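Listed below are the residues making up each chain.
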Amino acid sequence: MSRSRQPPLVTGISPNEGIPWTKVTIRGENLGTGPTDLIGLTICGHNCLLTAEWMSASKIVCRVGQAKNDKGDIIVTTKSGGRGTSTVSFKLLKPEKIGLLDQSAVWVDEMNYYDMRTDRNKGIPPLSLRPANPLGIEIENFEQLKMAVTNLKRQANKKSEGSLAYVKGGLSTFFEAQDALSAIHQKLEADGTEKVEGSMTQKLENVLNRASNTADTLFQEVLGRKDKADSTRNALNVLQRFKFLFNLPLNIERNIQKGDYDVVINDYEKAKSLFGKTEVQVFKKYYAEVETRIEALRELLLAKLLETPSTLHDQKRYIRYLSDLHAPGDPAWQCIGAQHRWILQLMHSCKEGYVQDLKGTPGLHSPMLDLDTDARPVVLGHLSQTASLKRGSSFQSGRDDTWRYKTPHRVAFVVKLTKLVLSQLPNFWKLWISYVNGSLFSETAEKSGQIERSKNVRQRQNDFKKMIQEVMQCLVKLIRGALLPLSIPECGVRQYGGWEVKSELSGQWLAHVIQTIRHTYESLTALEIPNDMLQTIQDLILDLRVRCVMVTLQHTAEEIKRLAEKEDWIVDNEGLTSLPCQFEQCIVHSLQSLKGVLECKPGEASVFQQPRTQEDVCQLSINILQIFIYCLEQLSTKPDADVDTTHLSVDVSSPDLFGSIHEDFSLTSEQRLLIVLSNCCYLERHTFLNIAEHFEKHNFQGIEKITQVSMASLKELDQRLFENYIELKADPIVGSLEPGIYAGYFDWKDCLPPTGVRNYLKEALVNIIAVHAEVFTISKELVPRVLSRVVEAVSEELSRLMQCVSSFSKNGALQARLEICALRDTVAVHLTPESKSSFKQALEALPQLSSGADKKLLEELLNKFKSSMHLQLACFQAAASTVMKT
């Protein structure tokens, strides 16, 4: 069931513990759109829906019922959002049983039960709870029921009387309290009017003063001796303290020079406890000198703390020293801020160094020498090997091999930048964790400043989160400026861009960069940095993956364009050149290079999740296939002078290819047409289907569209080339029929008895046989397709010529029938319904044979023709395929 709202989320409950029937306020998000939308509320597993009052979408009030669990979640269920979750829990306390006569320091809530079985639908608010048993007794019979009615009336009367009933019950107590207060008041009034010895309080004061004077007289001598002893002892202590304080400034200087900061801190703590609040001027003077030395030490330690670069161990040590010296402010936070600024400075300096090196200006360092490891992508290794192909050829990459010797500056920059971040950020993160848990501070400082530091941590949490996000954004923007400059706003181009490059990185280098950034993301995740702070890196990885796919497909299209230059026109037994296989291998290699890029690592989205990306990749894939189709078309129409035949050779396993090609190794335009046609057939039956499978294997979208569009373009080219070839071969044969028939002023009305098939038909058959031979030497599979169309054209023309004859003589009709039947029987294996219909129409235009002698003569002449030309007509025999296989 689809819902229009988010599931309910409980984020707070007040109070968070209590006994059953405690009234609680639940707060959260998406708690329903109204009272009718709230369909479930459980606390510690107990259904509290009947006592629930919906206040708003963020507030519900209810009472906690009896539950088996001592502690549990608060689950809210609504119609619009479904079952929700809770980030807080409620603790159910066991109520103390207090009797009616037991003493209690608090008011006892006697409204501890709500009878859910009664008055359920009478409009009474759920929080209007009732006594457990309003009848006061257990009902077992009718007499007890009468007593219950009496009890109810008594309780009703008590409620009507209100507080007055309680006053009536304790009236004597009120009177006694009133009498006691009146007596005290009268006594005080009488005491105030006496004039002889003063008031009662004055008498008491005089007695106490006399007692004090008497005690002072008795113990004056003893107290004097004690004061004298204390003075002597204090003087001796002062002498000892004075010696320590007198030498302390010099000792502090010496220990600072030695680096014994612990000794200085201990001496300072001792002096502070002894002389921190002294009123003696001499002591004040020397203690002020000590404070001056300590202030200088604070400044020295703070400078060392903020000095970069610095190790995490030294930073913790200096922070503890400053904490023990009670340095003003928050040195630990200052250190975190300085480290943050240092990391940002390093990142920008790294970029500037590589940009300057790219421009040829000596930068801060030489980027090419800083890499600890070779940045060459491993995924490129397979391109250095020769891929042996099935058809005796090999695929060689047309890309420049300079990547073997030099890493592009931008790739080296990304590798260096990520190494820099991974070397600095872990210590930065650990410094923050130590700041949060207090391990940065000494035991003394931790105890004294624990409350203050906890406040600072709460205040600093958002600030530190912004620091991490700033580092992540700086990392991402610097990489985008180098690899995806168009994704950087114009205001940030100067700060994060500046790469003056003319050529774009290849797909292999982008794949290597993606692998590097993925490793960086995994390393940062291992530090337990929250995922929301690393989301910008995930977005960068996705954009780079999309860009890598696009660039790889674009480069593949460029390679496909150059495949036409590698056509060697060497035909194998199946009538194919190495070009289709080279084309397929080129695409397979490109897809293999994208395997790691298309694979989704944990937390990553699919490259094809965006419809725009799906559309662009689909269009690029279609363009690749159509570019190859265009290459085939260009090869088929290439002039003879542009064909390089110096490298041509003949497959020794093939039959006598091209006839006389052995002599001059030249290809005619018709032969190239046939070779391209043969390749088109193979592409349609095998290559394009294999490529579609590879696309599907790599989770490409729109494969059906890619296949349909490319197949349609391929079939269109195939049909166009086929029609061109038929036009080249059939038109001359068809054009020679009419002149041949009427050569020597032949007339169907006045001709001699037939003695055999005339030469024009033999010439036409020889031309058809030549076409058969030419097609057969290229591709056996094209023979039926080509010969059928040629026969259709010839039969259609012959039928037209016969129908144009106004009348036939007996000899003319017999001669025409002989030649039509001879042609029909010879090409019988290549007849189509269209050609059969044409032959039928041609015969129907002739007069029927009237005598058996004519039929016999016709049969004899046909047999004579077939016998005399049996060698030439062997290619048309149905058993020819069996002969050729042997």
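Residues numbered from 1 in each chain as written. Predicted model: local features only at pLDDT ≥ 70, side-chain atom pairs only at ≥ 80, totals over all residues. Heavy atoms only, no water.

## Observations concerning the overall build of the protein chain
Then, in step 1: Summing up its helical and strand segments, the protein chain has 27 helices and 13 strands in all.
Then, in step 2: With 886 residues in all, the protein chain has 42% of them scored as buried.
Then, in step 3: When contacts within the protein chain are restricted to residue pairs at least 6 apart in sequence, long-range pairs at least 24 apart make up 74% of them.
Then, in step 4: Looking at the protein chain as shown, the accessible area adds up to about 50200 Å², and 52% of this sits on carbon and sulfur atoms. (Helix = DSSP H or I, 4+ residues; strand = E, 2+ residues; numbered from the N terminus. Buried < 20%, exposed > 50% of the residue type's maximum accessible area, 1.4 Å probe, protein only. Contact = heavy atoms within 4.5 Å. Areas by Shrake-Rupley, 256 points an atom, 1.4 Å probe, with all protein chains shown as cover.)

## Overview of the packing of aromatic side chains
Then, in step 1: Inspection of every chain in the model, using the stated rule, returns 11 aromatic pairs.
Then, in step 2: With 6.2 Å between their ring centres and 50° between their planes, F583 and F688 make a pair best called tilted. You can see F583 sitting in helix α16 (residues 579-593) and its partner F688 sitting in helix α20 (residues 669-697), a full 105 residues away along the chain. As far as the burial class goes, F583 and F688 line up, both buried.
Then, in step 3: Here the aromatic cluster, defined as three or more aromatic residues joined through ring pairs, consists of W333, F428, W429, W432 and F464. (Phe/Tyr/Trp six-rings, centres within 6.5 Å; stacked < 30°, edge-to-face > 60°.)

## Re the packing of helix α8 (residues 331-359) against helix α10 (residues 409-437)
Two numbers describe a pair of packed helices, the interaxial angle and the distance between the axes.
Then, in step 1: Following both chains from N to C, one finds α8 and α10 inclined at 175°, their axes separated by 10 Å at the closest point. In terms of orientation, α8 lies roughly antiparallel with respect to α10.
Then, in step 2: Residues of the contact of α8 with α10, tallied by class, amount to 21 nonpolar, four polar and three charged. (Axes fitted to C-alpha atoms, helices over the stretch in contact; angles between N-to-C directions. Parallel < 35°, antiparallel > 145°, perpendicular 65-115°, else oblique. Nonpolar A, V, L, I, M, F, W, Y, C, P; charged D, E, K, R; others polar.)

## Side note on the nonpolar core
Then, in step 1: In terms of nonpolar packing, the biggest core is built from 194 residues, with M347, L425, I537, F583, V786 and M802 touching the most fellow members.
Then, in step 2: Residue contacts for M347: discarding those within four places in its chain leaves L417, L420, V421, V471, C474, L475 and L478.
Then, in step 3: Within the second largest apolar cluster, 18 residues are counted, among which are V24, I43, V64 and I74. (Core = buried A, V, L, I, M, F, W, Y, C linked by side-chain atoms within 4.5 Å.)

## Regarding the pattern of salt bridges
Then, in step 1: Counting across every chain of the model gives 26 salt bridges.
Then, in step 2: Among the salt bridges present, the one from E604 reaches R545, with a minimum N-O distance of 3.4 Å. One end of the pair, E604, is in the loop between α17 (595-598) and α18 (611-636); the other, R545, is in helix α15 (residues 535-562), and 59 residues separate them in sequence. Residues E604 and R545 agree in their burial class; the two are buried. (Salt bridge = Lys/Arg side-chain N within 4 Å of Asp/Glu carboxyl O.)

## Some thoughts on the environment of L478
Then, in step 1: As for its position among the elements, L478 is in helix α12 (residues 450-483).
Then, in step 2: We classify L478 as buried; its relative accessible area is 0%.
Then, in step 3: When the C-alpha atoms of L478 and V493 are compared, they prove to be 9.6 Å apart, with 15 residues separating the residues in sequence.
Then, in step 4: Those residues within four positions of L478 in sequence are excluded, and the remaining contacts are M347, H348, K351, F413, L417, Q495 and Y496.

## Looking at the packing of helix α14 (residues 507-526) against α15
Then, in step 1: Their axes nearest at 9 Å, the elements α14 and α15 cross at an angle of 165°. In terms of orientation, α14 and α15 fall into the roughly antiparallel class. When you trace α14 past α15, the crossing you get is left-handed. Residue-level contacts link G507, L510, A511, V513, I514, I517, R518, Y521 and L524 of α14 to I537, Q538, L540, I541, L544, R545, R547, C548, V551, T552 and H555 of α15.
Then, in step 2: For the contact of α14 with α15, the class distribution of residues is 13 nonpolar, four polar and three charged. (Left-handed = near helix turned anticlockwise from the far one by under 90°.)

## Here's the deal with the environment of D73
Then, in step 1: On the secondary structure map, D73 appears in strand β8 (residues 71-78).
Then, in step 2: Ignoring anything within four residues of it in the chain, the contact list for D73 reads T42, I43, C44, S86, V88 and S89.

## Considerations on the side chain of K729
Then, in step 1: As for its placement among the helices and strands, K729 is situated in helix α21 (residues 703-741).
Then, in step 2: Since its relative accessible area comes to 18%, K729 is described here as buried.
Then, in step 3: Excluding residues that lie within four positions of it along the chain, K729 makes contacts with E670, V771 and E774.

## Things to note about the confidence of the model for the protein chain
Then, in step 1: Across the protein chain, pLDDT averages 77, with 79% of residues at or above 70.
Then, in step 2: Across residues 103-107 the pLDDT falls below 50, and counting only partners more than four positions away or on other chains, this stretch makes one contact in the model.
Then, in step 3: Low pLDDT (under 50) marks residues 878-886, which in the prediction has four contacts with non-local residues, meaning those over four places away or in another chain. (pLDDT = per-residue confidence, 0-100.)

## Focus on unusual backbone geometry
Then, in step 1: Residues S14 and P15 are joined by a peptide bond in cis, for which omega reads -5°.
Then, in step 2: As for its placement among the helices and strands, P15 is situated in the loop between β1 (9-14) and β2 (17-18).
Then, in step 3: You will see that W21, though not glycine, has its phi angle at about 70°, which is positive.
Then, in step 4: Tracing the sequence through the fold places W21 in the loop between β2 and β3 (23-29).

## Quick notes on the side chain of K351
Then, in step 1: Assignment of secondary structure puts K351 in helix α8.
Then, in step 2: What makes K351 buried here is its relative accessible area of 1%.
Then, in step 3: Not counting residues within four places of it along the chain, the set of residues in contact with K351 comprises F413, L478, R494, Q495, Y496, G497 and W499.

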